[in-house]
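Chain by chain, the residues:
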Amino acid sequence: MSVVLPATQFFAGLDWAAEVHAVCVMDHAGKIVDRFTIAHTADGIAMLIRRLGNLAEPGDVQVGIERPNGRLVDLLLEAGHPVVPVSPNAIKTWRDGEVLSGAKSDAGDAAVIAEYLRLRQHRLRVAVPYSDDTRAVRTLVRTRTDLVELRVAATNQLAALLDDHWPGAKVIFADVESPISLDFLTRYPTPASATHVGEKRMQAFMTKHKYCGRRSAAALTERLRSAPAGATGEALTEALRDAVLALVTVLKALNTAMRNLNRSTTAHLGEHPDGEIFTSLPRSGQINAAQILAEWGDARQAYESPDSIAALAGCTPVTKASGKHRAVHFRWACNKRLRVALTTFADNSRHASPWAAHIYNQARTAGKDHPHAVRILARAWIRVIWRCWLDQTPYDPARHGNAALLSEQRQNDHVAT
């Protein structure tokens, strides 16, 4: 999220490190006016803000940094300094062109960042802090995404373990990570422990754990018995029990944590001023709406047009042209979390919005594959969401011109037939 840089007098380059950051400050003519290092501590950050404040008013001292988030950035923004995120690849290329010897140091990198900021300020943009409400939603949904990845990894581990030693327990229920499957593995972690499980015991287990599937006890028992035989060795059985119970414990904890995060996300989304805008979108739900909002943000001045958001979300291609050669490529450099959130919504929306289904079907008819067609639909939705977001108005299909026109055409066609 960024807006155009203001005029300034001094340019500070900060080379990020795990414990100690190097800082170099230049004036508008390129003369180095200060160089120092700070520890990544409260005292170190306070010293940085104090020394920058001794040079000029905070708004007149820009700070370039390769890492655009974290408490250091938050504190610089709170102090009033324009913070400018710079691309690590751009700094590396700039350093390779400026430092012909190939020498590299933290202090040298800080000077390169300051020089890059001074000379390229007309092309750079200053970071805009998110509101507290948006940061709360972003923290929740990003943590949830991380937990989903952990759950997928743990599920795959459990599935592989059961494939090798206890195949029946994997096939008895549809999803090995489902609560009923985890309860079964808690009660019967090894083939030996399930030796006496028959239809009657299975029915009792289903009743106790409130099984809501459509399979009968007889069908589940048949699945268990028809699977390849599991491990029977005494030592291996003991090891298998410990391994299965360990993974089951992890998955149960992750499922509980995700349920808690879902509830918290829904609550914070309901309190967000823009929450109603994103939840009003067709088939956006609560979690997906929160994911879009968390990455989209709430700074109206941060985007020049919906095309800026489409590029940030990776929903527009990249054109490379040189001489007679011209090629259009997939956009890799983008906010990947925003791309996933928007394309997930777009894919779901076509099942509830005739307008969305029409755009998707047009793209498919034109020969685009499913992911490409979904990105085209996501880009179309970005224009709609942009207008709702700027006007701070929830989405209404009746006020969506193209959607209303398509609905009217379909009604006329229906009457004509």
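Heads up: the structure comes first, above all this text.
We now turn to the structure provided with this report. None of these values were measured; they are calculated from a predicted model.

Within the secondary structure layout, V197 lies in the loop between α7 (179-187) and α8 (199-208). Separated by 116 residues in the primary sequence, V197 and A313 have C-alpha atoms spaced 52 Å apart. Not counting the four nearest positions on each side in its chain, V197 is found in contact with Y188, M202, T221, L224 and R225.

Our focus in this paragraph is the packing of aromatic side chains. Applying the stated criterion across every chain yields a total of 14 aromatic pairs. Ring centres of F173 and F184 lie 6.0 Å apart, and the angle between their planes is 70°; this geometry places the pair in the edge-to-face category. Of this pair, F173 sits in the loop between α6 (167-171) and α7 while F184 sits in helix α7; the two residues are 11 residues apart in sequence, bridging distant segments of the chain. Each member of the pair F173 and F184 is classed as buried. Cluster of aromatic residues (ring-pair linked, three or more members): F173, F184, Y188, F205 and Y211. Across the ring face of F36, the terminal group of R51 is positioned such that the distance to the ring centre comes to 4.1 Å. Across the ring face of Y360, the terminal group of R350 is positioned such that the distance to the ring centre comes to 4.1 Å.

The next thing to look at is the pattern of salt bridges. Using the criterion set out here, one finds 18 salt bridges in the structure. Notably, a salt bridge pairs D242 with R241, separated by 3.5 Å at the nearest N-O pair. Overall, R241 belongs to the partly exposed group, its relative accessible area being 36%. Measuring nitrogen to oxygen at the nearest pair gives 2.7 Å for the salt bridge that ties R350 to D347. According to the relative accessible area criterion, R350 is partly exposed, its value standing at 22%. By sharing partners, the salt bridges in this structure join R71, D74 and R135 into a single network.

Calculation criteria
Residues numbered from 1 in each chain as written. Predicted model: local features only at pLDDT ≥ 70, side-chain atom pairs only at ≥ 80, totals over all residues. Heavy atoms only, no water. Helix = DSSP H or I, 4+ residues; strand = E, 2+ residues; numbered from the N terminus. Contact = heavy atoms within 4.5 Å. Phe/Tyr/Trp six-rings, centres within 6.5 Å; stacked < 30°, edge-to-face > 60°. Buried < 20%, exposed > 50% of the residue type's maximum accessible area, 1.4 Å probe, protein only. Lys NZ or Arg CZ within 6 Å of the ring centre and 35° of its normal. Salt bridge = Lys/Arg side-chain N within 4 Å of Asp/Glu carboxyl O.

Function cannot be read off these values alone, since they describe shape.
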